Every structure is written in C-alpha cells, then in structure tokens.
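Analysis of the macromolecular model
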Amino acid sequence: MIRLIGAETHRWVARRGLWVALLGLLAILATMCWSIVVATRPPEAAVVAQGKIAYAEQHAYWVENHEQEEAFCRASDPEAPADVCAQPEPQPEWFYPQPMTWDSATSTATVGASTTAGLFLILMAASFWGAEFRSGSLATWLTFVPSRPRVWASKMVVVALAGAVVSAVVLLVGLLTAWGAVAAHQGADAVGSWDGPLQAAGRGVLFGAMMALVGAGLAVVFRSTVAAVAVPLAYLFAQGMLGILMAIPGFDRLTGLLPENNVQAFLLGSYTYSVPVQRMTPQGMETEWLERTISLGQGTVYLLVAVALACVVSLAVFRRRDVTE
C-alpha cells in the first residue's frame, strides 16, 4: 500500500494542470491578503478630523433632543418595546471607519483561506481522477494492480493529504499576513491570543482534506472533471431560489441543513442565522426574526456524513463500473 501511495503521489505532483490550479489559488490568496492589509490600516487623519466634527454635531443634537424624541415615540405607541424608542448616545467611532481588529483579521484569514482552498481542492481532486479516466491510464494501471479497492484507497489517501497540505500552506500565509498587518499598523499590543485562530486553522486543514475527498468522489461517480465541478456550481446558482424559500415561514428549518451554513459553523466554531416567525398581535399578523445557532458539533457531523457518503458511493461505483467505458 505504501508503494501505491508513493506512486500516486508522484502522479499528483507530475500533473501540470494541478500546478496551474495552485497558481490560481495563490493569486486569489494574494488578493485576500492585500485586502486584510488595507483593512487593518487606521483611517487617515483628515477622515478622523471630519468624523470628529460630525460626532460633535450629532452628540450636541442628541443631548438637546433625545429625551423629547423618546417621549414622543412612547406616546405614539405605548405598546412598542423599549428598544424601539431608545435613542442611543452617539459614539465617536460611528463617524469614521475603524481598522480591522485582530479577531476580525484572523477570522477573515482563516475562513477566507479555508473556503477558497476548499473550492480549488474540489477542482484539483476532480481533475486528478478525471484525467485518469480521460486518458485511459487508469485501465492500464489496473492491469498492474488489479485490486480496485487498493487503487481507490491509495488515490484517496493522496488526495486527502494533498488537500491538507495545500490548506495548511494557504492558512499559514493568511494568518501570517493578518499578524504582520495588525502588528505593523496597530502595534504589538493589538495582537491578541493565538488560541482561537490556530484552532480555526486546524479545522481549516481538515476542511481542505474533506473537500478534496468530495471532489474526488464526484469525479469517480460522474467519470468527468467537468461534471464534478458542475455540481457545486449548480448549487451556487440555486442558492438564489433557496434564499427566497428560506424567507418564507415554514421553510426556515431547512436553513440549518444548507451546506454553506454548516461549513461556516465548522470553520467559525458556531454559526448564527435568523429565521422569520409569524405571531398574532393586537395590531394583526407580524413577522419577527428569531436567531438560531448551528453548533460546531452539528457542522462537524454534517460534513463528515457528506464526505463519508461521497467516498462510499464512489468506491461502490469504482468497484463495479468498467473504467474503459
């Protein structure tokens, strides 16, 4: 088995198309890193000065009028919740852009790097298998190693390892960029704890391996790189219709089953979303938005089941289908 894995690793490295896809991934990564660098910069002095002037004007207006406006609001609708009529005191930071904080920068780096790498790894893994079907080299390879489960397993191990390595490199670049940008623009004191970012990065590495396995599984089932890539793209196009359905009361329970929400829960540690709930009030039927949360455990189980399903179906198809079809 070790020799098979070594041979498949050599075949992976030798494919030029995978290196082209990797260059595309690095180009998108560079854009993301630059956006983090720009977002962590403090605003220019002229922008801050204008914001302070606007803050002074708004704060003076609030001091003079907020009690009367709150009283008028409560008199107009005595049953309105207290927060509806509240007039919060203006804060200086509302009037000029704030630089991205350490938590925001590292979260953007980990989630952005993980999802971008995951999409590219679906393509790369599907291409790795699809090229074997397209060129006919898989049929030749099976004459030397007739055990299809061993061939399938060796390829999947290489695909998963490659996905983990690619994701690890991408995440390392993203986190180092976030650290350097925050430290350079806001000072060393602005750099927070590494515990959360490193845990998220670990999940991102696992996510890369899982996405590579999903891409490989789709390529085996459909015997085509294009078909394997078309499935995620078709889902992206269908998201618009799904978004409309999710806003209809009664369909909100499906929101927790959407792949992107469970991916967010897995990468972020949890994911909170809002669903519409209709309630009868004295004024008539009203729609309220309630928050629900997808936990890390739910997101993990969701992804593991999806990956296991892709692997089991692909192995079953690979064992029975003629590879020369």
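Throughout this description, residue numbers start from 1 for each chain and increase along the sequence as written. Confidence filtering applies because this is a predicted model: local features only for residues at pLDDT of at least 70, side-chain atom pairs given and counted only at 80 or more, and all residues used for totals across whole chains, interfaces and linings. Excluded from the side-chain calculations are hydrogens and water; all other atoms, namely the structure's heavy atoms, are used.

Let's shift gears to the confidence of the model for the protein chain. Each residue carries a pLDDT value, the predictor's own confidence for that position, ranging from 0 to 100. Mean pLDDT over the protein chain stands at 79; residues scoring 70 or higher make up 78%. A run of H or I in DSSP counts as a helix once it spans at least four residues, and a run of E counts as a strand once it spans at least two, with each numbered from the N terminus. Per-element averaging of pLDDT across the protein chain places helix α6 (residues 137-144) at the bottom with 62 and helix α8 (residues 195-222) at the top with 91.

Here a patch means residues that are over 30% exposed by relative accessible area and free of salt bridges, tied together within 9 Å if like-charged and within 5 Å if nonpolar (Val, Leu, Ile, Met, Phe, Trp, Tyr). Each accessible area value is a Shrake-Rupley result obtained with a 1.4 Å probe; residue values ignore everything except the protein chains displayed when judging cover. For this document, the term salt bridge refers to a Lys or Arg side-chain nitrogen within 4 Å of an Asp or Glu carboxyl oxygen. A cluster of nonpolar side chains, Val165, Val169 and Val173, forms an exposed patch at the surface whose accessible area comes to about 230 Å². Here Val173 lies in helix α7 (residues 148-186). With a relative accessible area of 35%, Val173 lands in the partly exposed category. To sort residues, take the accessible area from a 1.4 Å probe on protein chains only and compare it with the maximum for the residue type: under 20% means buried, over 50% means exposed, and anything in between is partly exposed.

The next thing to look at is the packing of aromatic side chains. By convention here, two paired aromatic rings are described through the distance between centres and the angle between planes. For Phe, Tyr and Trp, rings pair up if their centres lie within 6.5 Å, where Trp contributes its six-membered ring, and each pair is then called stacked (planes under 30 degrees apart), edge-to-face (over 60) or tilted (otherwise). One pass over the structure, following the stated rule, counts one aromatic pair. When the ring of Trp102 is compared with that of Trp194, the centres are 5.0 Å apart and the planes differ by 75°; the resulting orientation is edge-to-face. Residue Trp102 is found in helix α5 (residues 102-135), and its partner Trp194 is found in the loop between α7 and α8; the two are separated by 92 residues along the sequence. On the accessibility criterion, Trp194 (29% relative accessible area) is partly exposed.

Take the nonpolar core next. Among buried residues, the Ala, Val, Leu, Ile, Met, Phe, Trp, Tyr and Cys ones that are joined through side-chain atoms within 4.5 Å form a nonpolar core. Counting residues in each nonpolar core, the largest one holds 57 residues, and the members touching the most others are Trp12, Met124, Trp129, Val159, Val170 and Phe207. For this core, the secondary-structure elements that each account for two or more residues are α2 (16-39), α5, α7, α8, α10 (259-268) and α11 (296-320). Not counting residues up to four positions away in its chain, the partners in contact with Val170 are Leu25, Leu29, Ala113 and Ala117. Contacts between residues were defined by any pair of non-hydrogen atoms, one from each residue, lying within 4.5 Å.

So, on to the packing of α7 against α11. Geometry is summarised by axes, namely lines fitted to C-alpha atoms with helices restricted to the contacting stretch, and by angles between N-to-C directions that run from 0 to 180 degrees. Across the interface, α7 lies against α11 with an axial gap of 10 Å and an inter-helix angle of 140°. Relative to α11, the element α7 is oriented oblique. Where α7 crosses over α11, the handedness of that crossing is right-handed. Facing Arg148, Pro149, Val151, Trp152 and Met156 of α7, the residues of α11 in contact are Cys311, Ser314, Leu315, Phe318 and Arg319. Under the scheme applied, nonpolar residues are Ala, Val, Leu, Ile, Met, Phe, Trp, Tyr, Cys and Pro; charged residues are Asp, Glu, Lys and Arg; polar residues are all the others, including Gly. Per-class residue counts for the contact of α7 with α11 are seven nonpolar, one polar and two charged. Orientation is classified from the angle alone, with under 35 degrees giving roughly parallel, over 145 giving roughly antiparallel, 65 to 115 giving roughly perpendicular, and any other angle giving oblique. It is the rotation of the near helix from the far one that decides the hand of a crossing: anticlockwise by less than a right angle makes it left-handed, clockwise makes it right-handed.

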